[in-house]
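A closer look at the structure
Residues per chain, in single letters:
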Amino acid sequence: MEKLAEIVAKQLLQIKAIKLQPANPFTWASGWKSPIYCDNRKTLSYPEVRDFIKLEFARIVLEKYPDVDVVAGVATGAIAQGALVADAINKPMIYVRSAAKGHGLTNLIEGDLKPGQKVVVIEDLISTGGSSLKAVEAIRESGAEVLGMLAIFTYGFGVASEAFEKANVELTTLSSYQQLIPFASESGYVTAEEVATLQEWRKDPASWNK
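What comes next is a walk through the structure.

Conventions adopted
Note on numbering: residues in each chain are counted from 1, in written sequence order. The predicted nature of this model means local features are confined to residues of pLDDT at least 70 and side-chain atom pairs, given and counted, to a pLDDT of 80 or more, with totals for whole chains, interfaces and linings taken over all residues. Processing note: side-chain calculations cover all non-hydrogen atoms of the structure and skip hydrogens and water entirely. Under the DSSP-based scheme used, a helix requires at least four consecutive residues in state H or I and a strand at least two consecutive residues in state E, with every element numbered from the N terminus. Here the globule rule reads 2.2 Å times residues to the power 0.38, and the radius of gyration is calculated from C-alpha atoms. For every residue, the accessible area (1.4 Å probe, protein chains only) is compared with the maximum for its type, and the residue is labelled buried under 20%, exposed over 50%, or partly exposed between those bounds. Contacts between residues were defined by any pair of non-hydrogen atoms, one from each residue, lying within 4.5 Å. Shrake-Rupley sampling with a 1.4 Å probe provides the accessible areas, and residues are treated as covered by the protein chains on show and by no other component. Counted as positive: Lys and Arg. Counted as negative: Asp and Glu. His and the chain ends are not counted at all. Throughout, a charge is located at the NZ atom of Lys, the CZ atom of Arg, the CG atom of Asp or the CD atom of Glu. What makes a salt bridge here is a side-chain nitrogen of Lys or Arg within 4 Å of a carboxyl oxygen of Asp or Glu, nothing more. Joining through side-chain atoms within 4.5 Å is the link that ties buried Ala, Val, Leu, Ile, Met, Phe, Trp, Tyr and Cys residues into a set, and such a set is a nonpolar core. Paired strands, as defined in this entry, are two strands with at least two bridges between them according to DSSP. Orientation is described by lines fitted to C-alpha atoms, with helices fitted over the stretch in contact, and by angles between N-to-C directions that extend from 0 to 180 degrees.

This part covers the overall build of the chain. The secondary structure content of the chain amounts to 7 helices and 10 strands. Taking 2.2 N^0.38 as the reference for a compact globule, 210 residues should give roughly 17 Å; the C-alpha atoms of the chain span a radius of gyration of 17 Å, in line with that estimate. Principal-axis analysis of the C-alpha atoms places the extent of the chain at approximately 50 × 40 × 30 Å. A burial count over the chain gives 45% of its 210 residues as buried. For the chain, restricting intrachain contacts to residue pairs at least 6 apart in sequence, the fraction spanning at least 24 positions comes to 63%. Total accessible area on the chain is roughly 10,500 Å²; 48% of this is exposed by carbon and sulfur atoms. Here the chain holds 22 positive side-chain charges and 25 negative ones, and the gap between their average locations is 4 Å.

Per the stated rule, a full pass over the model turns up 9 salt bridges. The shortest N-O distance in the salt bridge between Lys 54 and Asp 51 comes to 3.8 Å. Placement of both Lys 54 and Asp 51 in helix H2 (residues 47-64) is noted, with a separation of 3 residues, approximately one turn of the helix. Residue Asp 51 is classed as partly exposed on the basis of its relative accessible area of 32%.

Counting 43 residues, the largest nonpolar core has Ile 18, Leu 20, Ile 36, Phe 153, Tyr 155 and Leu 180 as the members making the most contacts within it. It is H2 that provides the largest number of residues to this core, a total of 6 residues. Aside from chain neighbours lying at most four places away, what touches Leu 20 is Leu 13, Pro 35, Ile 36, Leu 180, Ala 184, Val 190 and Leu 198. Of all hydrophobic cores here, the second largest spans 22 residues; its members include Val 119, Ile 126, Ala 151 and Val 169.

This paragraph deals with the sheet that holds strand S9 (residues 145-154). Ordered by their spatial adjacency, 6 strands build an open sheet running S7-S6-S5-S8-S9-S10, and the pairing between neighbours is mixed. At either end of the open sheet lies a strand with only one pairing partner, and these are strand S7 (109-110) and strand S10 (171-176). Helix H4 (residues 130-141) rests against strand S5 (70-74), strand S6 (93-96), S7, strand S8 (118-126) and S9 of the sheet, and its axis sits at about 165° to S8. The sheet contacts of helix H6 (residues 177-186) involve S9 and S10, and relative to S10 the element is tilted by about 15°.

What follows is the structure in structure tokens.
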């Protein structure tokens, strides 16, 4: 039986939620050059993939955090994922904005969250972890408790690992860059030369430039 990480990696590659282009790198919003681009919002367009991710998220939440009160999605990419998981386990759902609204109630957290409630946060992608942990901070500042965070995919950057450890947040992902590359190589998505490039990028993504 395939491991969960391999199944998810395969799904993301097949629907082109993850694209690998070592010879023609992408430019991220941060300005980083990268041989990989990940857009997990694409999973919502494929019912089989969407349902698989939803059910795996739900299983993990119930196994690791059975006392969860609320599921939180991080805006914008994980709002839908959070709603799917909350529906699957029949729990209330909220979402956390990247910044407070500039009008009306100027909410940062949308939905009904009460002090003392236990929250599991759902993310679609972890890069440096900055925006994800801002959501955690907002939930904690509201008086609620964050049990942990689940994400579809992580690049596995050291800076993110350090940030999550410092913030005392347990992170669980369905798949990761470290698990993706061997699978992509074995499955013929990339050549041995391209694997070397992908591994080199991972060592210092901020300075890498093909």
